[in-house]
Amino acid sequence: MIKRLGTGLAVLWAAATASYLALLLAPGDTVDILVGEGPDTPEIRAKIITEWGLDRPEVIQYVSYLWRLVHGDLGRSYQLQRGVGEILLTQVGPTAQLTLAAAGTGVTLAALIALVTGGRGRLARGTASAAELVAVSVPPFLIGIVLLSVFSFTLGWFPVSGAAGPQALVLPALALGLPVAGVLGQVLRGGLERALEQPFAVTARARGLTERALVARHALRHALIPAVTLAGWFTGTLLGGAVITEVLFGRPGLGRVAMDAVTGRDMPVVMAVVLLSAVVYVTISTVLDLAYRAIDPRIRG
């Protein structure tokens, strides 16, 4: 765990440094970049110079930037005239709600598909594989457009946009969760089929354990190891897909904030979103290490 924490801190430092270098290497004056399309007055420029230490040596500027990050100071958006931390805090809830719902949808669908088709005949596995391939190949925004066309515009079952109520969460969660279900379903089914061929499965059958009990008690745990490994991948997929999905479905959240910040050249917000993504990735990677030990006791040794 000490090694994992050290690696996580190194990743966060690299993300912070890359964001800072992106600011310095961007064409134009640093003050102009930080002002962006916001109000431009001598007072604001003087405040930026003081906050970012632009009147001091570059090394001191960099150390001061890291020091502010360590203390939770993400800077200020001079376009929105608000603290970046405040902006992210007001938008992180809807994005967390969407990504958790999408992850739950993807994992649930993948588990159901794997349990139903694992070890079955060619027809069942072939049908499931074809559906998984389509889910993986089609971009989330295109899935979202199809879902909107069918279930919102045509049938009217779900709202077209907004985040009011659970119904508004169904289609965005499906749009983000289906690609995750496609990949995890393939991995889980393959892991189940390999586990069912292992010697412990033969022994369990010889003792009279039913096939369903064998899958639930033993095979599923073995199949989870490669699936858990992919959790880092689908975390990045969900965070990246949330940007387009939130815009497509008219939802509030970090995705919309990031899109507005990029198009409006609001660099402090862009840098903060990059750092927040790195924090989420490092946190999930650390949790996965603990999950490995809980799933497979052999790793503890």
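Just so it is clear, the model here is predicted, and its values are computed rather than measured.

This part is about the UniProt feature "transmembrane region" (unreviewed entry) in the chain. Under the local residue numbering, the UniProt record ascribes the feature "transmembrane region" (unreviewed entry) to residues 98-118, 130-157, 169-188, 224-249 and 269-292. Note that residues 169-188 is 100% helix and 0% strand, and that its end C-alpha atoms are spaced 26 Å apart.

As a further point, take helix H1 (residues 2-25). Taking 1.5 Å as the rise per residue, H1 with 24 residues should run 34 Å; its terminal C-alpha atoms sit 34 Å apart, in good agreement. Residues of H1 that are buried: Gly8, Ala15, Ala16, Thr17, Ser19, Tyr20 and Leu23.

Take the layout of surface pockets next. Put simply, the largest pocket is a space of about 590 Å³. Take the lining of the largest pocket: its biggest share by element is eight residues, from helix H13 (residues 267-295). Partitioning the lining of the largest pocket into residue classes produces 22 nonpolar, five polar and no charged. Computed from the structure, the second largest pocket encloses a volume of approximately 340 Å³. Broken down by class, the residue content of the lining of the second largest pocket amounts to 13 nonpolar, one polar and no charged.

The subject of this paragraph is the packing of helix H5 (residues 84-117) against helix H8 (residues 167-195). It is at 6 Å that the axes of H5 and H8 come closest, and there the two elements cross at 35°. Seen along the crossing, H5 lies across H8 with a hand that is right-handed. When the residues that make up the contact of H5 with H8 are grouped by side-chain class, the tally is 21 nonpolar, six polar and two charged.

Time to look at the packing of aromatic side chains. Scanning the entire structure with this criterion turns up five aromatic pairs. Ring geometry for Tyr20 against Tyr62: centres 5.6 Å apart, planes inclined by 50°, an arrangement best described as tilted. Linking Tyr20 in helix H1 with Tyr62 in helix H4 (residues 58-70), this pair joins segments that are 42 residues apart in sequence. This pair shows no difference in class: Tyr20 is buried, exactly as Tyr62 is. Within the aromatic cluster, the residues linked to one another by ring pairs are Tyr20, Trp52, Tyr62 and Tyr65. When the ring centre of Trp52 is taken as origin, the NZ or CZ atom of Arg68, which lies over that ring, is 4.8 Å away.

Conventions adopted
- Residues numbered from 1 in each chain as written.
- Predicted model: local features only at pLDDT ≥ 70, side-chain atom pairs only at ≥ 80, totals over all residues.
- Heavy atoms only, no water.
- UniProt positions renumbered as here; feature names shortened; annotations may be inferred.
- Helix = DSSP H or I, 4+ residues; strand = E, 2+ residues; numbered from the N terminus.
- Expected span 1.5 Å × (residues − 1).
- Buried < 20%, exposed > 50% of the residue type's maximum accessible area, 1.4 Å probe, protein only.
- 1 Å grid on protein atoms, 1.4 Å probe; cavity = no way out; pocket = protein on both sides within 12 Å on 5 of 7 lines; lining within 4 Å.
- Points joined across faces, edges and corners; volume = space filled by probe spheres on them.
- Nonpolar A, V, L, I, M, F, W, Y, C, P; charged D, E, K, R; others polar.
- Axes fitted to C-alpha atoms, helices over the stretch in contact; angles between N-to-C directions.
- Left-handed = near helix turned anticlockwise from the far one by under 90°.
- Phe/Tyr/Trp six-rings, centres within 6.5 Å; stacked < 30°, edge-to-face > 60°.
- Lys NZ or Arg CZ within 6 Å of the ring centre and 35° of its normal.

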